[in-house]
Amino acid sequence: MKMEENMENNIPFDLISRVLSNDASAEEIQQLSHWRNESEANEIEYSNLASIMVEVPSDVPTFDVNKAWDKVSAQINVESKPNRKGLSYFKLGLVGCIIGLLGLFIWPTDSELTQKYVAKSDGEILWLPDSSKLTLKKGAQVEYLADFKGRYRNVFFKGEAFFQVKRDTSKSFIIDMGGPTVVVLGTSFNIKSGEHRTEVVVNSGKVAFSKVDPRINKVKKHVLLKDDALIYDASSDEMKAPSNIDPTTLFYATKTLVFKKTKMRDLVKVLSSVYNEQIEIHCESLAEETFKGRFEDDSLEEVFQHLSLAMDVEFEKVEEKIILTNEACK
């Protein structure tokens, strides 16, 4: 699997915090702008961190960083206590990140500003204010601002859905799942987010998956490309690429089947289920061969044609069954 891993050693936390809190000088603002323009990865990282810094409305009392730290520390069992005589900008930024990623955003209380949607059945379509399209599984929960005004397109999400995000390089699309976050500019991907496990499968474009680790004062991040997948286990706080993923993960939304080094015996089971046909392989050598590829809205005949070209597979209809063979089976 081709996966980029960008650790945060070169991220200017202090500088970002000062700029976002309007405490930076003109020179520092220019310095951050230069860093953001160095690469797309830097811009994504900035958008991710900026979006999860706590933003306090002007009519709300001053935000108490020390109290926030105490509240977060109690939840994450941090043994050491912070220095109460002036937290550094880095800790201020970290507190904001942790609070945001624990689902403690300061969110508008005006019900007219916030839209909430819960899917009552599989395949329901939800269009967001920016024309991004969500295909939802039953029980999926989405919350977002009705107008998407502001610097970011923020969405709170739980459940499973296929996201087709409209590209907007000026406004990152950020999905908060009560712990991990996903940041994109425009792409398509599937998210399955539960209480203890989150799975992301990318259909197109690039997705940045991030999680704050307060124990080491770092943001763990993986960048996923097309056909990449990642599983986050909340109980162990680990991110990993799965050894295999369900080939039908995207099928409910895109009619796409993705196989990554799948044994032919398993591929045949998937095809039999999806196309409601009885398909069999008559020799063990073919059953053990592996296939890598994708089928996008193809008929079963088109699938067999692809397999024939890729693996010299022959197929024939025998009564109610479709039999697959190749030279090794003869």
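Each remark here, short or long, concerns the structure printed above.
Remember, predicted model here, so these are calculated numbers, not experimental data. (Residues numbered from 1 in each chain as written. Predicted model: local features only at pLDDT ≥ 70, side-chain atom pairs only at ≥ 80, totals over all residues. Heavy atoms only, no water.)

Student: Any chance you could explain the overall build of the chain here in plain terms?
Tutor: Looking only at helices and strands, the chain features 9 helices and 19 strands. In the chain, of all internal contacts separated by at least 6 residues, the share reaching a separation of at least 24 is 52%. Accessible surface computed for the chain: about 17400 Å², of which carbon and sulfur atoms make up 47%. (Helix = DSSP H or I, 4+ residues; strand = E, 2+ residues; numbered from the N terminus. Contact = heavy atoms within 4.5 Å. Areas by Shrake-Rupley, 256 points an atom, 1.4 Å probe, with all protein chains shown as cover.)

Student: Where do I start with the pairing of strand E8 (residues 181-184) in this structure?
Tutor: If a strand is regular, its side chains alternate between the two faces of the sheet. Here E8 shows two buried faces, one formed by Thr181 and Val183 and the other by Val182 and Val184. In terms of strand pairing, strand E7 (residues 173-176) meets E8 through 4 bridges, oriented antiparallel. From the neighbouring strand, Asp176 faces E8, where its bridge partner is Thr181. Here E7 folds back onto E8, and the loop between the two strands holds 4 residues, one of which, Gly178, carries a positive phi near 70 degrees. (Buried < 20%, exposed > 50% of the residue type's maximum accessible area, 1.4 Å probe, protein only. Pairing = 2+ DSSP bridges.)

Student: I keep staring at the nonpolar core and nothing clicks. Help me out?
Tutor: Nonpolar side chains in soluble globular proteins tend to be buried together. With 29 residues, the main nonpolar core has Phe157, Phe163, Val182 and Phe189 as its most contacted residues. Per-element accounting of this core gives the leading share, 4 residues, to strand E6 (residues 153-164). (Core = buried A, V, L, I, M, F, W, Y, C linked by side-chain atoms within 4.5 Å.)

Student: Any chance you could explain the environment of Asn154 here in plain terms?
Tutor: Of note, Asn154 is situated in strand E6. When the C-alpha atoms of Asn154 and Ser172 are compared, they prove to be 8.4 Å apart, with 18 residues separating the residues in sequence.

Student: Help me understand the sheet that holds strand E18 (residues 314-318) in this model?
Tutor: Each strand in a sheet pairs with another by means of backbone hydrogen bonds, the pair being arranged parallel or else antiparallel. With mixed pairing, 3 strands are arranged side by side in an open sheet as E16-E19-E18. Taken across any chain shown, the strands that pair with only one partner, and hence form the sheet edges, are strand E16 (278-281) and E18. Recorded for the sheet is a direction-independent mean angle of 25 degrees between the axes of neighbouring strands. Two elements, E18 and strand E19 (residues 321-325), share 5 bridges in a ladder whose sense is antiparallel. Following the sheet pairing, Glu314 is matched in E19 by Thr325. Across the face of the sheet, helix H9 (residues 300-311) comes into contact with E16, E18 and E19 while running at roughly 10 degrees to E19. (Axes fitted to C-alpha atoms, helices over the stretch in contact; angles between N-to-C directions.)

Student: Would you take a moment to explain helix H7 (residues 264-275) for this structure?
Tutor: Every α-helix winds through 3.6 residues per turn, so residues three or four apart in the chain are directed the same way. Here H7 is 12 residues long and its end C-alpha atoms lie 16 Å apart, about the 16 Å a rise of 1.5 Å per residue gives. The inward-facing, buried residues of H7 contact strand E15 (256-263), E16, helix H8 (284-288), strand E17 (290-296), H9 and E19. After H7 finishes, the residue Asn276 shows a positive phi value of roughly 55 degrees. (Expected span 1.5 Å × (residues − 1).)

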